[in-house]
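Observations on the three-dimensional arrangement
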Amino acid sequence: MHWSMNTLPLPPYVELGVHSLSGLLWTLLLLFLWHCYRMGSDLPIPGHGHAGKLKSGSRRSMMSRGGSCAGTKCSARSKLSRSDQITPFISMETEEDEDQGQGYLTPVLSHALFPAQASAEAKKLYAALQEYAKRYSWVGMGRIHKGLREQVRLNDHSAIQKPHLFFLPDVPSVPFFPRDAHRHDIEVLEANYSVVLAEFKAVYQRGIDSKLGWTCLGPKGQAMFPLYSAGVSVAGNCRSCPCTYRTLLSLRTFISSNSLGSAGFWLLGPGATLGSSYGPTNTRLRCHLGLQTPPLCELVVGGEPQCWSEGHCLLVDDSFLHTVSHKGPLDSGPRVILSVDLWHPNVAAAERQALDFMFNPDF
C-alpha cells in the first residue's frame, strides 16, 4: 500500500515558527533560573537562621556526618540558644556522639561545666581559650578544649609521658624525633655551629655571674645563659650574642611568642645528674645543638638513652620522663648545648595561634 506524506500526522511544534520556538526556550530558561533562586533562598544563612524554620532535608544534611544511619535513629539538636544564633556557625554533632563524648566539638556545644577540681592554672587557661574564641573563632579548638578538660585526669595518673601544664590529646609523640620533623631549622642551626660556639666562648670567658646575664640553677656547674625566657627575649644577652640571636629569628618553628618557648646556652658540670622530671607540655620539641660534649654525657628520655654530638642536633620531646647526667672526669669540662624550643610538627597553625594567645606572658 502506498502512503502519502500528507496523510501522516505531524506534531504541532513543527508548524511553529522560529520566533515562537525561541520564545519557548527563553521561557524555559527563566523558569530554571527562578527555580535555582528559590532553592538558594531556602538555605539557612549562618548566624541569621532560626533552627525551627530549617527544612527537614537541610537539617538532615547538616547533622549527618557520614551518611544515613540504617536501622537506628540518628537525631541532632535542633534548637539553638540565643547565644548560639549570634556566634559563628559550627557544624553540629549527633546525640550519639555526645553520649560517647568522643567528638571534639561536643564539650564546646554542650556548654558542660569545667571540672571543679581543676587547678587554678587550668581554669586560667580555660578562661583564656574562651576569650580567644570570643575574639576569633572556635574553629580548630577541639583538641585544645578537650586537653584542658582532661588535664585533671592526666595529673592523677602515673605515665611515662605526663606534661604538668598542658597536654594536647591525639598528638603522635616519641621521645626522640627524626631530623625530618624540622629539617630546615636543624640545618640552619648546624650551619651556624661555629659562630654560635664562638659567641658562647666569649660570654663564658667573662665568668658565670648573675650580673653578666647568667642564671645559676644548682651545684656542680649547672647554669644557663638565656636568650629567650618564657617567650620574651633577654635584650642584654641577645646583644652579647648577635649572630645566635639572628639565627633564632631565622627559624621557622621557634616558639618566641608565648611562655612555653625558651632558648639559651645550658651548662652541666662533671658529676652532675638532673633527676627525673617532665616538661610542661607536649606541644613543643626541644632542639639541642651540641657545642661541647665531653664523654659520658647522657640524656635518657622515656627510657631511651642518647648522647649529644658537637655540631649536631637532637630533637627531644621533654614531656616524657627524662634525666640528664654528666659522669665524665672532673677535668673534662662542662657539657654545653644550645637549647631551642620548637613547635611540635603535629600542632596545627590555628592551634599555635590559640596557644600563643593563651600562654601570652602579658595575658
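Parameters and conventions
Residues numbered from 1 in each chain as written. Predicted model: local features only at pLDDT ≥ 70, side-chain atom pairs only at ≥ 80, totals over all residues. Heavy atoms only, no water. UniProt positions renumbered as here; feature names shortened; annotations may be inferred. Pairing = 2+ DSSP bridges. Helix = DSSP H or I, 4+ residues; strand = E, 2+ residues; numbered from the N terminus. Axes fitted to C-alpha atoms, helices over the stretch in contact; angles between N-to-C directions. Salt bridge = Lys/Arg side-chain N within 4 Å of Asp/Glu carboxyl O. Buried < 20%, exposed > 50% of the residue type's maximum accessible area, 1.4 Å probe, protein only. Parallel < 35°, antiparallel > 145°, perpendicular 65-115°, else oblique. Left-handed = near helix turned anticlockwise from the far one by under 90°. Contact = heavy atoms within 4.5 Å. Nonpolar A, V, L, I, M, F, W, Y, C, P; charged D, E, K, R; others polar.

An unreviewed UniProt entry annotates the protein chain as Aspartate beta-hydroxylase domain containing 2 originating from Sander lucioperca. In its Sequence similarities (unreviewed entry) section, the UniProt entry covering the protein chain states "Belongs to the aspartyl/asparaginyl beta-hydroxylase family."

With that settled, the discussion passes to the sheet that holds strand β8 (residues 297-301). The 4 strands are arranged β6-β11-β8-β9 in an open sheet whose pairing can be described as antiparallel. Of all the strands in the sheet, just β6 (273-277) and β9 (304-306) have a single pairing partner and so form its edges. Ignoring strand direction, the axes of neighbouring strands in this sheet form an average angle of 15°. Pairing geometry for β8 and β9, over 3 bridges, is antiparallel. The residue of β9 that forms the bridge with L299 is Q306.

This part covers the pattern of salt bridges. The tally for this structure, following the rule as stated, stands at 9 salt bridges. Across the salt bridge formed by D341 and R286, the nearest N and O atoms sit 2.6 Å from each other. Remark: R286 occurs in strand β7 (residues 284-292) and D341 occurs in strand β12 (residues 335-343); sequence separation between them is 55 residues. A relative accessible area of 0% places D341 in the buried class. Here the salt bridges share partners, and the residues they tie into one network are R284, R286, D318 and D341.

It is the contact of helix α6 (residues 120-135) with helix α12 (residues 349-358), at a shortest axis distance of 9 Å, that shows an interaxial angle of 120°. Judged by the inter-axis angle, α6 sits oblique to α12. Regarding α6 and α12, the two cross each other, and that crossing is right-handed. Contacts between α6 and α12 involve L125, A128, L129, E131, Y132 and R135 from the first element and A350, Q353, A354, F357 and M358 from the second. For the contact of α6 with α12, a count of residues per class yields 8 nonpolar, 1 polar and 2 charged.

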